Amino acid sequence: MKTVLVPYPIRDVVEGFSYNQSEEKPLFGLGGRLTIQPEYQRNYIYAMKKMDAAVIESILKGYPLGLLYFNKLPDQRFEVLDGQQRITSIGRFVKGQLFILDENRNEQYFHSLPKDKQDLILNTELLVYECEGTESEIKEWFKTINIPGVQLEEQEILNAIYSGPFVSKGKEEFSNRSNANVNKWASYVNANLERQGYWEIALKWVTAGKETVSEYMGRNRNKADISEVKNHFYTVIDWVDTLFTEVHDEMKGLEWGRLYREYSSTPYNPKTLSQEVNQLLEDPFIERRRGIWEYLLSNKSKPELLEVRVFDKVKVAAAYASQTAKAEEEGTSNCPLCAVGHSANSKRIYSRKEMDADHVTPWSKGGKTVADNCQMLCVSHNRAKGNR
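These numbers come from a predicted model, not from an experiment.

Re the pattern of salt bridges
Piece 1. Within the structure shown, the criterion is met by 17 salt bridges.
Piece 2. Taking the shortest distance from any N to any O, the salt bridge between Asp119 and Lys115 comes out at 2.8 Å. Of this pair, Asp119 and Lys115 both sit in helix 5 (residues 115-123), separated by four residues, roughly a single helical turn.
Piece 3. On the accessibility criterion, Asp119 (25% relative accessible area) is partly exposed.
Piece 4. Here Arg258 ties to Glu262 by a salt bridge, and the two come within 3.2 Å at their closest N and O atoms. With Arg258 and Glu262 both in helix 13 (residues 256-263), this residue pair falls four residues apart, about one helical turn.

See below:
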């Protein structure tokens, strides 16, 4: 790959600058010859992080903005490899789409600056490496360069490697702030819209157990059809939304794709599920509330998901002392299950370390983690008893 370092005055870079306000997407510069956000680029994110003003203030103070990288195309057009965020912040400011604050905290737009400061900005030179190479060389280069402090996410790198109609359609559906479904998704999926988070989750759900996301994107790269990804994602979300009639904070970010694969063929009563969710959320003995939904989907067969609070040391010590004293008086084992058997352990007195605290009435059947429901069993019987 060949690179040439070229100084570009800002006035040239922002010539013909355009910006899609509704999608927060920068489009063109250099009089239309520069594509600021090619398919493989990350979404513009400075606006979200309030970093636009820092770029402008750096220029006014004479601070360097760092190197930028353009991909030079055969027809003398360019694509931004690295520098989209900085160019967009500058372009938006010069075109009057954002402001900075002066020392008195007053809003200052480009047109309201003194002429000398306007000229300072427009005449500031950006140092740009113009890169020429094959598609694979350019995209490999893109993977290695990052804006300081804004590390590329895995999905952004994959978008770069497999850019094409498939990625474009995916970003259009899953990275579009104006998509009316985003609020619904946000109830169940923990993802960053601007950083391709929903697109990444959708791809992982549809490929799980079959192939890697990379393999899937490579196979579909040149297709402008994401219906398989889209339909599967919406099916999972609708399944969750139908089963659980109330949305709780703990539901966000659960492994809904896996849960759909494992439990979607099982019939449930949404009204009953909703009642049981609320009962469990109110149970003070549940340590892991996020396990409630899979616990119910598994027909309560996985109580370990809830990490039910165990008996504290005081209750355990009291139960052991009481059972042991009674057993010694009656000449039986201090494990009540051993005591009623006919094995050699029927009269054995176990040490504290050889016994576990157990719910007399299992927690899953309404038993509470209180002193009256605590008994000590030998390790073997406690493990064998399970949830009975």
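Next comes the rest of the description.
A look at the packing of helix 10 (residues 197-207) against helix 12 (residues 227-243)
Piece 1. In the contact formed by helix 10 and helix 12, the axes pass within 9 Å of each other and the chain directions differ by 90°. Relative to helix 12, the element helix 10 is oriented roughly perpendicular. Across from Tyr198, Trp199, Ile201, Ala202, Leu203, Trp205 and Val206 in helix 10, the residues of helix 12 making contact are Glu228, Val229, His232, Phe233, Val236 and Ile237.

Side note on the packing of aromatic side chains
Piece 1. Counted by the stated rule, this structure contains 18 aromatic pairs.
Piece 2. Aromatic pair Tyr8 and Phe70: ring centres 5.6 Å apart, planes at 55°, arrangement tilted. Here Tyr8, found in strand 1 (residues 2-9), pairs with Phe70, found in strand 6 (residues 68-72); they are 62 residues apart in sequence, far enough to count as distant.
Piece 3. We classify Phe70 as buried; its relative accessible area is 0%.
Piece 4. Judged by centre distance (6.4 Å) and plane angle (85°), the ring pair of Tyr188 and Trp256 falls under edge-to-face. In this pair, Tyr188 is assigned in the loop between helix 9 (182-186) and helix 10 and Trp256 in helix 13, connecting sequence segments 68 residues apart.
Piece 5. Joined through ring pairs, the aromatic side chains of Phe166, Phe174, Trp185, Tyr198, Trp199, Trp205, Tyr216, Phe233 and Tyr234 make up one cluster.

What to know about helix 5
Because each turn of an α-helix spans 3.6 residues, side chains separated by three or four positions end up pointing in the same direction.
Piece 1. When we look at burial in helix 5, the residues that qualify are Gln118, Ile121 and Leu122. For helix 5, the angular spread of buried residues about the axis comes to 95°, placing them on one side.
Piece 2. Packing partners of the buried residues in helix 5 comprise strand 1, helix 1 (10-13), helix 3 (52-60) and helix 4 (84-94).

Description of the sheet that holds strand 5 (residues 34-35)
Piece 1. Read from one edge of the open sheet, six strands run 1-10-6-7-5-4, paired in mixed fashion. The open sheet has two edge strands with one neighbour each: strand 1 and strand 4 (28-29).
Piece 2. As paired strands, strand 4 and strand 5 are joined by two bridges and run antiparallel to one another. Residue Phe28 lies in a different strand from strand 5, and its bridge partner there is Thr35.

Thresholds, definitions, all that
Sequence order as written defines residue numbering, which begins from 1 separately in each chain. Thresholds applied to this predicted model are a pLDDT of at least 70 for local features of residues and 80 or more for the giving and counting of side-chain atom pairs; totals over whole chains, interfaces and linings are not thresholded and use all residues. The basis for the side-chain values is all heavy atoms of the structure; hydrogens and waters are excluded. Each salt bridge in this description consists of a side-chain nitrogen of Lys or Arg and a carboxyl oxygen of Asp or Glu lying within 4 Å of one another. A run of DSSP states H or I qualifies as a helix once it reaches four residues; a run of E qualifies as a strand once it reaches two. Both are numbered from the N-terminal end. For the exposure calls, accessible area comes from a 1.4 Å probe over protein chains only, and a residue counts as buried if that area is under 20% of its type's maximum, exposed if over 50%, partly exposed in between. Angular values range over 0 to 180 degrees, each being the angle between N-to-C directions of two axes fitted as lines to C-alpha atoms, with helices fitted over their stretch in contact. Each angle receives one of four descriptions, namely roughly parallel if under 35 degrees, roughly antiparallel if over 145, roughly perpendicular if within 65 to 115, and oblique otherwise. The contact rule is simple, with two residues in contact once any of their heavy atoms fall within 4.5 Å. Centre distance within 6.5 Å is the pairing criterion for rings of Phe, Tyr and Trp, where only the six-membered ring of Trp is used; planes under 30 degrees apart are then read as stacked, over 60 as edge-to-face, and the remainder as tilted. An arc is given here, and it is the one of the directions from the helix axis to the C-beta atoms. The criterion for strand pairing is that DSSP finds at least two bridges linking the strands in question.

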